[in-house]
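Single-letter residue listing:
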Amino acid sequence: MTDNHDRGLQFDLATLIGRRRALSLLGGAGLTLVACAPSTTTTATSGTTTTTGSSAAEGQPLDAIPEETAGPYPGDGSNGPNALTQSGIVRSDIRSSFGSSTRTAEGVQLTVDLTVRKEDGSPYRGAAVYLWHCDINGDYSMYSDRVKNENFLRGVQEADSSGKLKFVSVFPGAYSGRWPHIHFEVYPSLTEATKAGNKITTSQLALPETTCKEVYGTTGYTQSVQNMARSSLKQDMVFRDGVDHQMATMSGDAASGYTASLTFAVEG
């Protein structure tokens, strides 16, 4: 028996409405959070997708990336289990579970390259990013029935002196009601990345349509084709207010794997 993702969508929507309302109030007080991210152009040649864009140079002031819902399956202690307190969560390769299970998630390889900056444009050295997403079937480890005893596709990494960090994962599937995406939370440091209450911000990374269609044409993603056909960025509860600031810059292909890159700023 699989989880009902409609329930998750309702949870997301309720959370999102609350946060949007809060941001609206802040905006009325002259405090507006606007994302810092590249505009993107996607081209596909001989099975290879490359999305290019331009982002602010290091040292150039930036606005903080928009706050988004963590959804019902964060695994940060705010809604049930807390992966952040488990030994082994600090890792770059998040494809396999750690601890009592070593099961590896299936799917096309995806490397996620993130660059974290402060609003003044300087690298956020030592910031910690907790990243998680669903598997090829749209299930979330630690929650969904089929993978409740797994903790794969979750991990924490520390930004280096340039604010950069990397995760090696698999391309997430598309489930009903949402555009393909990846969740992440930013913490001031690794030592503080132990519970949701310590986070600086929560946001989501969007995956480009062209790349999604290429990946979902490969083995194992059949259900994602149907789910994505019923979704759009304009209707998505998170991305419908604008996706330029959260859309990943993509390179690679289904055979050798893809890389999704995003540069963003957070308060601090």
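An account of the accompanying structure is given in this report. Computed from a predicted model, the values in this text were never measured in an experiment.

Examining the overall build of the protein
Point 1. When helices and strands are tallied, the protein shows three helices and 10 strands.
Point 2. Going from N to C terminus, the protein has its helices and strands arranged as α-β-β-β-β-β-β-β-β-α-α-β-β.
Point 3. Long-range contacts, defined as pairs at least 24 residues apart, comprise 76% of the intrachain contacts of the protein with a sequence gap of at least 6.

As for the nonpolar core
Grouped burial of nonpolar side chains is what soluble globular proteins tend to show.
Point 1. Formed by 41 residues in total, the largest nonpolar core has its most connected members in Leu 114, Val 116, Phe 171, Phe 184, Leu 205 and Phe 264.
Point 2. Elements represented by at least two residues in this core include exactly β3 (109-118), β4 (128-132), β6 (164-170), β7 (181-187), β8 (201-206), α2 (209-215) and β10 (257-266).
Point 3. Element by element, the count of residues in this core is highest for β10, at five residues.
Point 4. Leave out the neighbours within four places in its chain, and Leu 114 touches Val 129, Leu 131, Gly 163, Lys 164, Leu 165, Leu 205, Leu 262 and Phe 264.
Point 5. Counting residues in each nonpolar core, the second largest holds 18 residues, with Tyr 73, Leu 84, Trp 132 and Val 156 among its members.

So, unusual backbone geometry
Point 1. The backbone of Met 142 sits at a positive phi, close to 75 degrees, despite the residue not being glycine.
Point 2. Considering the arrangement of structural elements, one finds Met 142 in the loop between β4 and β5 (154-158).
Point 3. Under the relative-accessibility criterion, Met 142 is labelled buried at 10%.
Point 4. If you check the backbone angles, Leu 153 has positive phi at about 60 degrees while not being a glycine.

Quick look at a negative patch on the surface
Point 1. A surface patch of negative charge is lined by Asp 63, Glu 119, Asp 120 and Glu 267.
Point 2. In this structure, Asp 120 sits in the loop between β3 and β4.
Point 3. Judged by relative accessible area, which is 45%, Asp 120 ranks as partly exposed.

Concerning the sheet that holds β7
Adjacent strands of a sheet pair through backbone hydrogen bonds, lying either parallel or antiparallel.
Point 1. Read from one edge to the other, the open sheet built from four strands follows the order β5-β4-β7-β8, with strand pairing classed as antiparallel. On the outer flanks of this sheet lie β5 and β8, each paired with one strand and no other. Strand after strand, the sheet turns through a mean of 25 degrees between neighbouring axes, direction not considered.

Conventions and cut-offs
Residues numbered from 1 in each chain as written. Predicted model: local features only at pLDDT ≥ 70, side-chain atom pairs only at ≥ 80, totals over all residues. Heavy atoms only, no water. Helix = DSSP H or I, 4+ residues; strand = E, 2+ residues; numbered from the N terminus. Contact = heavy atoms within 4.5 Å. Core = buried A, V, L, I, M, F, W, Y, C linked by side-chain atoms within 4.5 Å. Buried < 20%, exposed > 50% of the residue type's maximum accessible area, 1.4 Å probe, protein only. Patch = residues over 30% accessible without salt bridge, like charges linked within 9 Å, V, L, I, M, F, W, Y side chains within 5 Å. Areas by Shrake-Rupley, 256 points an atom, 1.4 Å probe, with all protein chains shown as cover. Salt bridge = Lys/Arg side-chain N within 4 Å of Asp/Glu carboxyl O. Lys, Arg positive; Asp, Glu negative; His and termini not counted. Charge placed at Lys NZ, Arg CZ, Asp CG, Glu CD. Pairing = 2+ DSSP bridges. Axes fitted to C-alpha atoms, helices over the stretch in contact; angles between N-to-C directions.

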